[in-house]
Amino acid sequence: MGNKQTIFTDEQLDAYQDCTFFTRKEILRLHGRYHELAPHLVPMDYTNDPDVKLPLALIVNMPELKENPFRNRIVESFSEDGEGNLSFNEFVDMFSVLSEMAPRELKAIYAFKIYDFNTDNYICKEDLEKTLNKLTREELTPEEVNLVCEKAIEEADLDGDNKLSFADFENMISKAPDFLSTFHIRI
Amino acid sequence: MAHSVSFDILEPTLESPVDEGVVHDSFSRLIEEQSHSLDEDGDCLEMQVLPEEDKSEEDLLEEDRDNVPYLASLTWDQSEQERGLGTENSRQTDPLIGEQWSYATLRVLSSMPSRTIGRSRGAILSQYYNRTLRLRRRRQSRPSLHDCPRSSRPSIRCYGVEMDTTDVGGEEHKKDKLVNNLQNLSISDRVRMLKGMPLSVVEKSELRKLASNYNGGHSLNRGQIPCCSRLKYYIIIALRHMWYSWLSFLHSLQLWQVALKRVSGRFGTGVLSYFVFLRTLLLFNIFLLFITGLFLVIPQAVHPPTHPGPPVAFTGLELLTGGGYFAHSVMYYGYYTNCTLNGSCQPTQNSSMDANRTGSTLVDHDDAKRGSHLSYNMPLAYFFTIGMAFFFTCIILVYSMSKSFRHSFRVDKPQGSLALKVFCSWDFKVIKKSSVKLQSENISTQFKELLSELSGPHEKKTVLQRLARLSVHLLAWVMCAGSTAAILLAVHYFSDYVHKDLQKRVGSATQSPLEKEASLLALPVVVSSINLLLPGFFNAVAWMEEYDSPSVHTYVAIFRNLMLKVSVLAVLCYHWLWRIASHPQELNLECWESFVGQELYRFLLMDFIFTILDTFFGEFLWKLFSQKALKRKRKPVFDIARNVLELIYGQTLAWLGVLFAPLLPVVQVLKLLLLFHMKKTSLMLNCQASRKPWRASQMTTLFISLLCFPSFVGAAVSVTYTMWTIKPSERCGPFQNLTTMFQSGKLWVQELVSNNPNMSWLKWMHTYLVENPLFLFVAAGIFLVVIYFHTQVVDGQRKIINLLQEQIENEGEDKKFLIIKLQAIHEQQRPQSVQRQNLAGSES
């Protein structure tokens, strides 16, 4: 109990509880995980919001992300500077969106960000190619990749601009019942 | 509608645009005018137009930093002229523009609302502002909130104009509005809204702080708030704290969090669904145990009956047969008494009851009333506890089934299978290296299959091939159905034989009771081994059939196994409820309910033992054999469907048995706990992730529905049948002396009415609603009609969705058309500058 007081104030924990899908206990556990990543950098006392950021390389090494082909994109989409440096708040954000409780809408927004490799707010053919290569570990031939990309865009593109906007993406995701359960990382 | 209107008037104003700001000013002016003229009725139009308007307005200003990479990528495209962003799209084929986008058009394009959602903070804020507004409007019935949206509306109207002044100020303004709106929501709505916002925690907590602070300030400004409302706030805060601690307590109850994480990390969502299902069953049984324990077992255990059965020594075989030492314990129906518990169950009462025979409970109850105030009518408690347990289980089941249906079956049909595969096939939970590798292999083979389907048309099969196929399927079905029928006959005759054998044994007193007990194990052993072996045979048959799609394969396997299990259970129910229950004297049984309870205990236990054997031989030894002897690298694959069906079978037995053995859920809980750890260990040691794709959410829905439909409904029907029509034992149990168990409720109603004449409506209700089957028929009919209407509604929604999709496509066309027009106007206006810009672009 004494430990709890030193990491976060009650006020902070309440705020976390209201703004994320985690309970107090889980926030404390997340802090533990964050602290574990770089014990000499991350302070135990977070009551005065220290400005600490961990680089992408450290976060990507978590066992939950280590084998994920999209690990870099996940971390980048949640970092404010876009380069993958995560503060504790952004770290919490990341796992909150990836938690079981997050609604489809929220998950879709961040999934869109993750798959939008060149951050131009559209999933274009390039992005699709990259996604496919990561998914299949480049086991498909370039022609096959090309064909899949074309067909996929054709299927999902509603307004006919040959790339997927967020609206297209959301519409497509809404047809996939499994998306909610697969876009989920247990922490 | 709104689009076409705005376009018509947009064109003339665009004849002489000096800057983008002018265009947008005219836009907002136009909308202002419209909303003034439409006034009160303009609500919906305003909702449609304004949000988009202020978003684009806002983002146009804000987008300056955002559109730099976008522009860069576009100019790169133009210079490269290869397959890139927009070379192959329809714009190029359009003679009007080609690739020549002016800077201004690009600005308009990049500020479209749809492409800024989830990207810029301002867009999110205004989106949620609209959402909170909508939520508040929905609650306009509340007088205090009624005025707020009205009073805030004029400021939305001039909002677009205000936006033009400053960038930062605009966002602040928007945030204030949002905070203002958030405050007016109830706490739970506010928290839900905050949680769902795609903003960072820092921003959210700032919003939260503002929203709650303002609340405090607000109340301070008003000066004195009445004492009761302050009290209300305190109570709300206290309740909120309690709710949070309750939530975290519930969360800590979530069983096996770590184990489930490990399983899903190695095997993915499919295998996880088995374990989650197991956990669900465990919770069902704990619930059942809680009810029966609280209302039946504990009261009876506190007041043990005065003449328990003959003392029997504990031998150890009881653990297998459930008889002997356990036979006269709180475990079975026969132990429960039919007297009213008060302090102690006096023998005098018992004798008076015996003398009274029918209607004794009435007298007995009066006696009890005189004796003490705390009385507990055991037969009634037994009747209602079982009834309530089934009722609540039914409600929970139907609820979870509907929830699962909502998640897994969308109203519209999935079309874009390829696009869905690209974005939704990766299971983010999987963290083990080899499984990740397997998953990506799996995905690439799926892509290859899909591509081959797309590119090459199906090779036509000849009539002969198709005939051969058909005959193989036919043969397989005949084999499965035939074997099932043969097994059924065998079980039927074997149970008959066991029954006759038992009669003989009862006649001859030479055999030791131990041997007699052991002989009872024959039937459960036979049935369990059938349940174990026949699915293997079905698998072999399915292997012969060579199904093309794995999902059809799974469904067929599930259907065949289900058919087997349901029919075996039906034969067994016939055996128990007709053969044994209607002629208990043939077996010299004092209490046939206890005997049936024991049988169910034996079946449950044998099922468990055979599952252990199956796990050991089927998974562990098979792995050793295939790795050592066959030198293959492959490990066996965890058969989710079969394992889940086994769980469902066990659960059906447990539900059937609750009436006869109230403590049967304990056995089931223990069994499930052991099974979880055993299966997990075996899975980790022996199995590998499956290569087949597994549609987890649809399968989970299927399993829940199977649990509900044949399993629970079957158990409920046979329990109800037992309660309604079969005569309970005359010399034991809570319902002795009654013709049916149901009669205890009837007697209670009569007694209530005779004690209290005001309650005569209860009697009326009972005779007309409960005893009269007509009412049940009418209720069921209404229920069916409601279901029919719902399916009709869903059908209609599907049609509307199709229409809307068409409309979206039209909107897309409209958008393109508008952009082209806009571009044309710019070209006319500043041809020189555009040319120069293009030249500069291509040079860089």
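About the cut-offs
Residues numbered from 1 in each chain as written. Chains lettered and ligands numbered in written order. Predicted model: local features only at pLDDT ≥ 70, side-chain atom pairs only at ≥ 80, totals over all residues. Heavy atoms only, no water. pLDDT = per-residue confidence, 0-100. Contact = heavy atoms within 4.5 Å. Salt bridge = Lys/Arg side-chain N within 4 Å of Asp/Glu carboxyl O. Helix = DSSP H or I, 4+ residues; strand = E, 2+ residues; numbered from the N terminus. Buried < 20%, exposed > 50% of the residue type's maximum accessible area, 1.4 Å probe, protein only. Axes fitted to C-alpha atoms, helices over the stretch in contact; angles between N-to-C directions. Parallel < 35°, antiparallel > 145°, perpendicular 65-115°, else oblique. Left-handed = near helix turned anticlockwise from the far one by under 90°. Nonpolar A, V, L, I, M, F, W, Y, C, P; charged D, E, K, R; others polar. Buried area = accessible area lost by both parts, 1.4 Å probe. Polar contact = N/O pair within 3.5 Å; in protein donor to acceptor, adjacent residues only side chain to side chain. Core = buried A, V, L, I, M, F, W, Y, C linked by side-chain atoms within 4.5 Å.

Draft legend 1. Geometry of the confidence of the model for chain B. Residue and element names in this part refer to chain B. Per-residue confidence for chain B averages 72 on the pLDDT scale, and 69% of its residues sit at or above 70. Note on residues 216-224: pLDDT is under 50 here. Beyond four places in sequence and across chains, it has 1 contact. Scored as a complex, the prediction yields pTM 0.68 and ipTM 0.87.

Draft legend 2. The pattern of salt bridges, seen in detail. Residues and elements named next belong to chain B. Counted by the stated rule, this structure contains 20 salt bridges over all chains. Between Glu545 and Arg560 there is a salt bridge whose closest N-O contact spans 3.2 Å. Of this pair, Glu545 sits in helix 23 (residues 522-545) while Arg560 is found in helix 24 (residues 550-582), placing the two residues 15 residues apart along the sequence. Take Glu545 and Arg560: they sit in the same class, and that class is buried. Among the ionic pairs, Glu646 bridges to Arg642, the shortest N-O distance being 3.9 Å. You can see Glu646 and its partner Arg642 sitting in helix 26 (residues 640-657), 4 residues apart, about one turn around the helix. Just as Glu646 is buried, Arg642 falls in that class too. Three or more residues joined by partner-sharing salt bridges are found here, namely Asp614, Asp639, Arg642 and Glu646.

Draft legend 3. Focus on the packing of helix 6 (residues 71-78) of chain A against helix 7 (residues 88-97) of chain A. Residues and elements named next belong to chain A. Contact pair helix 6 / helix 7: the axes reach a minimum separation of 9 Å and the direction vectors enclose 120°. In terms of their interaxial angle, helix 6 and helix 7 are classed as oblique. For the crossing formed where helix 6 meets helix 7, the hand is right-handed. Along its contact with helix 6, which presents Ile74, Val75 and Phe78, the element helix 7 presents Glu90, Asp93, Met94 and Val97. Tallied by class, residues from the contact of helix 6 with helix 7 come to 5 nonpolar, no polar and 2 charged.

Draft legend 4. A look at the interface of chain A and chain B. Contacts between the two partners involve 80 residues from chain A, matched on the other side by 82 residues from chain B. Note on chain A versus chain B: buried area summed over both sides is about 7500 Å², and carbon and sulfur give 59% of it. It is Asp18, Lys175 and Arg186 of chain A in chain A that bury the most area against chain B; as a group they hold 11% of the surface buried on that side. Our count for the chain A to chain B interface comes out at 2 salt bridges. The closest approach of N and O atoms between Arg208 of chain B and Glu11 of chain A, which form a salt bridge, is 3.9 Å. Put simply, chain A and chain B have 8 residue pairs in polar contact (both at pLDDT 80 or more) between them. Counting residues per element, the side of chain A that touches chain B draws most heavily on helix 10 (residues 142-156) of chain A, which supplies 8 residues.

Draft legend 5. Summary view of the confidence of the model for chain A. For chain A, per-residue confidence averages 85 on the pLDDT scale, and residues scoring 70 or more make up 97% of the total. Confidence drops under pLDDT 50 across residues 1-5 of chain A; counting only partners more than four residues distant or on other chains, this segment forms 4 contacts.

Draft legend 6. Geometry of the nonpolar core. Of all hydrophobic cores here, the largest spans 112 residues; its most connected members are Tyr274 and Ile386 of chain B. Element by element, the count of residues in this core is highest for helix 14 (residues 257-302) of chain B, at 17 residues. What Ile386 of chain B contacts, discounting residues up to four positions off in sequence, is Leu296, Val658, Leu659, Val719 and Met723 of chain B. One finds Ile59, Phe117 and Leu135 of chain A together with Val201 of chain B within the second-largest nonpolar core, a separate group that totals 79 residues.

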